[in-house]
Amino acid sequence: MRPVRRLLAPLAAVALGLSGCGTQIAGHPEPAAGFGAPDETAASATSNASPVPPPTIPQPRGTDIDPCVLFAPEDLTAVGEPVGPPRPDDPGPGICTHGLRFEQNAAAAGFGVPFAEAAARQPGGTATAIEGHSTWLYCEKREVYQTCAATTAVREDSTLVTLLSLHGASAADTAEALHGLTGAALRKLPPG
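Residues numbered from 1 in each chain as written. Predicted model: local features only at pLDDT ≥ 70, side-chain atom pairs only at ≥ 80, totals over all residues. Heavy atoms only, no water.

K.L.:
Any chance you could explain the overall build of the protein here in plain terms?
P.N.:
Counting secondary structure elements, the protein contains five helices and seven strands. Taken over 192 residues, the protein has a buried fraction of 48%. Contacts spanning at least 24 positions in sequence make up 63% of the contacts within the protein whose residues lie at least 6 apart. In the form shown here, the protein has an accessible surface area of approximately 8700 Å², with 56% of it arising from carbon and sulfur atoms. (Helix = DSSP H or I, 4+ residues; strand = E, 2+ residues; numbered from the N terminus. Buried < 20%, exposed > 50% of the residue type's maximum accessible area, 1.4 Å probe, protein only. Contact = heavy atoms within 4.5 Å. Areas by Shrake-Rupley, 256 points an atom, 1.4 Å probe, with all protein chains shown as cover.)

K.L.:
Which parts of the structure should I look at to understand the pattern of salt bridges?
P.N.:
Side-chain pairs of opposite charge can arise where the charged atoms are in close proximity. As enumerated under the stated definition, the model contains seven salt bridges in all. Two residues, Asp-157 and Arg-155, come together in a salt bridge whose shortest N-O distance is 2.9 Å. Judged by its relative accessible area of 25%, Arg-155 falls in the partly exposed class. (Salt bridge = Lys/Arg side-chain N within 4 Å of Asp/Glu carboxyl O.)

K.L.:
Sorry, what's going on with the state of the cysteines here?
P.N.:
Should the sulfur atoms of two cysteines be covalently bonded, the bond is a disulfide. In the structure shown here, the tally under the stated rule is two disulfides. The disulfide that involves Cys-68 links it to Cys-96, with 2.1 Å between the sulfurs. Sign of the S-S torsion, about 100 degrees for the bond between Cys-68 and Cys-96, identifies this disulfide as right-handed. Placement of Cys-68 in the loop between α2 (38–48) and α3 (73–76) and of Cys-96 in strand β2 (residues 95–100) is noted, with a sequence separation of 28 residues between them. Residue Cys-96 is classed as buried on the basis of its relative accessible area, which comes to 1%. Linked covalently through their sulfurs, Cys-139 and Cys-148 form a disulfide whose S-S length is 2.0 Å. In this structure, the disulfide formed by Cys-139 and Cys-148 twists by about 110 degrees around the S-S bond and is classed as right-handed. By relative accessible area, Cys-148 is classed as buried at 0%. When the cysteines engaged in disulfides are numbered in sequence order, the protein pairs them as 1-2, 3-4. (Disulfide = S-S within 2.5 Å.)

K.L.:
What am I meant to see in the sheet that holds strand β4 (residues 126–130) here?
P.N.:
Sheets are built from strands that pair by backbone hydrogen bonding, the pairs being arranged parallel or antiparallel. With antiparallel pairing, the seven strands of this open sheet are ordered in space as β1-β2-β3-β7-β6-β5-β4. This sheet does not close on itself; its edge strands, each paired only once, are β1 (82–88) and β4. On average, adjacent strands in this sheet sit at an angle of 20 degrees to one another, irrespective of strand direction. In this structure, β4 lies alongside strand β5 (residues 133–142), joined through five bridges in antiparallel fashion. Across the sheet, Ile-130 pairs through a bridge with His-133, a residue of β5. Each of β3 (106–112), β4, β5, β6 (145–155) and β7 (158–167) touches helix α5 (residues 171–188); the most contacted strand, β7, lies at about 140 degrees to it. (Pairing = 2+ DSSP bridges. Axes fitted to C-alpha atoms, helices over the stretch in contact; angles between N-to-C directions.)

K.L.:
Sorry, what's going on with the pairing of β7 here?
P.N.:
Burial analysis of β7 places nine of its 10 residues in the buried class, which makes it a mostly covered element. The sheet contact formed by β3 and β7 spans seven bridges and is antiparallel. Note on β7: the bridge partner recorded for Gly-110 is Val-161. Where β6 and β7 come together, 10 bridges link them in antiparallel fashion. Bridging across to β7, Thr-151 finds its partner in Val-161.

As structure tokens, this is what we get:
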């Protein structure tokens, strides 16, 4: 398994709520800190953290769009030149990953579980907002890659999930770059 795929897989699986899907993913991704089986993580988050307030969704957005079009090449140039075509369903169903030229960096996007559920699965995250939409930001460094996931409320029952993994970057720099990518993806979603 490529290093970036191994890094994105645990974050993507939790952020997108793929535990309910019937598709098996080859390999054995290592769980990221703060991640466990959904029931364990949710129970831990419930006992150790304040409840997450209802999300702010100033403009509900539709999610019936191919996740591979959420990042255009011009969106990605701020974090690296895109390499090859987007990879649908990589590292899991409903996720589209874009390889970036430097050190196997990658950006990914897809749709996931409701906001409160995503926040409960990532108790180490932080509440923020992107373009007025409630966003749960979680970052983790594994090996030499800093990976951040932003789970943005777009409807009561769904979130836009974006991920960015950068070689040798800080959490602050990765989160700032991901903020820009998430805003670009959010603007591509139709009203809904």
